[in-house]
Amino acid sequence: MNFLKKYINKYWKLFCAGVSCLTIEALCDLMQPTIMSKIIDIGVKKRAIIYVERFGILMLLITAVGAIAAVSRNIIASTVSQKFGAELREDLFVKIQSFSFDNINNFEGATLVTRLTNDVTQVQNFANGLMRIFVKAPIVCIGSIIMAVHLNYHMAGVLGITIPMAGILIVLNMKIGFPLFMKVQRSLDKVNSVMREYLTGVRVVKAFNRFNYESERFEKANNELVSVSTTAMKVMSVFSPGISLFVNLGITAVLWIGGNWVSHGKMQVGQIIAFTNYMTQILFSLMMISNVFTMFVRAKASTERIGEVFALENTMKFNEVSNDTSEVFGRVDFENVSFSYEGKNGQAVIKNVSFTCLPGETIGIIGSTGSGKTSLVSLIPRFYDGTSGTIKVDGIDVKDISLKNLREKIAVVPQKNVLFTGTIAENIKWGKENASFEEVIQAAKISEAHDFISTFPEKYDTMLGQGGVNLSGGQKQRVSIARALIKNPEILILDDCTSAVDMVTEAKIRKSLKDYSKRLTSIIIGQRITSVMTADKIIVLDNGEIAGLGKHDELMKECSIYQDIFYSQIGKEGI
Ligand code: CTP
Ligand code: MG
């Protein structure tokens, strides 16, 4: 819960102001029945009109003060809780952004979404409620008891029985409720995660006609949520009527006993009315307290879940960076690098890899699927850290370069392209926010995207749906390449990103890339031998190890795996 400290420090003054208003409001509420009893028992009974007038005006004044306090606390409560909620969400967002890939793999995507939305809302509502009603409930409850006893202490015995009974119910409510609401929250997570997975994979689901299977999965999660929520609600719903029953029994007792006492002169009519009034106030505040607990329980569960995100330490270690500028541009060195997704003890997917990529060179990486190509290049921008060995960019260990600087130098076109909702121009500009339109066009021309974009009626202003759904696979790849190019990087990593582009277009892209910048270092991963064979150096990866390294001609002589790939794709007779 440590993360809450920051917000408490910031908002405690306003919070106290809100609670003060609430206290004033509660005190005003508390005085009303007593004044009323005075009006009835003294003013009305003895027909003292001045007394009625005087207390009437007092009552009005108190109501006015109460109303002003209520308006102020409403404004304060809304302002504080909204600001607090927004800041909490923002901080969480920033925290999640700072996570390494490892960290993110720790959480399922859906739970991060529910934590950011639903959980923050729960905590925000609780903070709001705290300033709106929650503090008022105990004040009114205790105040009503004091006022009632003060009004007629003979009658206090009735309170002595009803209140402890209601108190027991509230404690039970809490004890039983907490675990139930934790369960509700977890089920909600499950529903969200099934829904999210379905929505991201909706094409596959339809293609495989697995709608029923997915429906069942959803239904199962949904039913579970319904069942836990219903149980929770059922259990909770017993308590409010229970409390109500006890208090109403108390009121009946007051009326019955009070009625008798009035005839003996031990109590007055106004007092009975005031007393029952206080009892109703007690009833309401007790109900409120039990609602508070439901909300508290939910907020507590949510706070814990948010706390888990804040508490997660970034798995990536950062060295103190003193001077990470270099005279070299676009050089990459791998020195005996090994890497595993599960840390030091896991199975290595990159094994003892060493190579050097000189400025301006084009390096091709080829190898069967699962041989570690994507894993290898994801170590360069430090998406993951190697388990041993050193990776240097521009001659400096990547761990000694600030992440911002490092990633500024490198542009990656990932294997699975990701586009965002927005126009094509916006998507390309994503690589460089302040890019001019000319730069956008230039990047699109190099990646062979300009021509097809020009055929769209709205050209660069064509809106893309989420993930670029309205583009073909190859078109998406070319927009992704343009987005990387506009960044004007030193090192460009293309991870199998021309797989959906025809060979002729691919050759064109390669050529324009070469012409575009002599200084640009490119690392091109390809499944097709034609994608890599013109490279200055080709790395043949096999099961995480380098099986061959050299130019096409050299590899054709020395590397059997490379030969196999060549012959299987091109045939014995050559191109
Ligand atoms: N792997 C893993 N955890 C990940 C990603 C990959 O354990 N988050 C494993 C895979 O099971 C695989 C190995 O790492 O055995 C190498 O994966 P990758 O580098 O993605 O292989 P590529 O050569 O890129 O395969 P492809 O051509 O299919 O993209
Ligand atoms: Mg890959």
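Our subject in this report is the structure included herewith. The residue numbers shown here count from 1 along each chain, following its written sequence. Chain letters start at A and ligand numbers start at 1, both assigned in the order the entries are written. With the structure being a predicted model, the display of local features is reserved for residues of pLDDT at least 70 and the display and counting of side-chain atom pairs for 80 or more, all residues being used for whole-chain, interface and lining totals. As a rule here, side-chain values come from all non-hydrogen atoms in the structure, and water together with hydrogens is ignored.

Let us now look at the coordination of the magnesium ion (ligand 2). In ideal tetrahedral geometry, four donors around a metal make angles of 109.5 degrees, whereas ideal octahedral geometry with six donors gives angles of 90 or 180 degrees. The protein atoms that coordinate the magnesium ion (ligand 2) are Thr-374 (OG1) and Gln-415 (OE1), at distances of 1.9 to 2.3 Å. With Thr-374 in helix H10 (residues 373–377) and Gln-415 in the loop between strand S6 (410–413) and strand S7 (422–423), the pair connects residues that are 41 residues apart, well separated along the chain. Note on donors: an N, O or S atom is included if it sits within 2.8 Å of the metal, or within 3.2 Å for Na, K and Ca, and water is never included, so sites can look incomplete. Secondary structure elements are taken from DSSP: a helix is a run of H or I of four residues or more, a strand is a run of E of two residues or more, and numbering for both begins at the N terminus.

This paragraph deals with the nonpolar core. Throughout, nonpolar core names a set of buried Ala, Val, Leu, Ile, Met, Phe, Trp, Tyr and Cys residues whose side chains join them through atoms within 4.5 Å. Partly exposed residues are those whose accessible area sits between 20% and 50% of the maximum for their type, while under 20% is buried and over 50% is exposed, using a 1.4 Å probe and protein chains only. Counting 32 residues, the largest nonpolar core has Ile-428, Ile-453, Tyr-460, Leu-492, Leu-494 and Leu-513 as the members making the most contacts within it. Elements with a contribution of two residues or more to this core: S6, helix H12 (424–429), helix H13 (437–446), helix H14 (450–455), helix H15 (473–485), strand S9 (491–495) and helix H16 (503–516). Considering each element in turn, this core owes the most residues, five residues, to H15. By size, the runner-up hydrophobic cluster in this structure holds 29 residues, among which are Val-158, Leu-159, Ile-163 and Ala-166.

Take the state of the cysteines next. Throughout, disulfides are identified as pairs of cysteine sulfur atoms within 2.5 Å of each other. Per the counting criterion, the structure on display carries zero disulfides. Looking at the unpaired Cys-16, the closest cysteine sulfur is the one in Cys-21, lying at 11 Å. By relative accessible area, which is 36% here, Cys-16 ends up partly exposed. Here Cys-141 stays unpaired: no disulfide links it, and the sulfur of Cys-28, its closest cysteine neighbor, is 18 Å away.

Throughout this description, the term salt bridge denotes a Lys or Arg side-chain nitrogen within 4 Å of a carboxyl oxygen of Asp or Glu. Summed over the entire model, instances satisfying the criterion amount to 19 salt bridges. We note a salt bridge from Glu-308 to Arg-115, for which the minimum N-O separation is 2.9 Å. Note that Glu-308 is positioned in helix H9 (residues 269–311) and Arg-115 in helix H4 (residues 109–134), a separation of 193 residues in sequence. A salt bridge links Lys-404 to Glu-408, with the shortest nitrogen-to-oxygen separation between them at 3.9 Å. Of the two residues, Lys-404 and Glu-408 both sit in helix H11 (residues 403–409), four residues apart, roughly one turn of that helix. For Glu-408, a relative accessible area of 47% gives the class partly exposed. Within this structure, Glu-25, Asp-29, Arg-73 and Lys-136 form a network of salt bridges that share partners.

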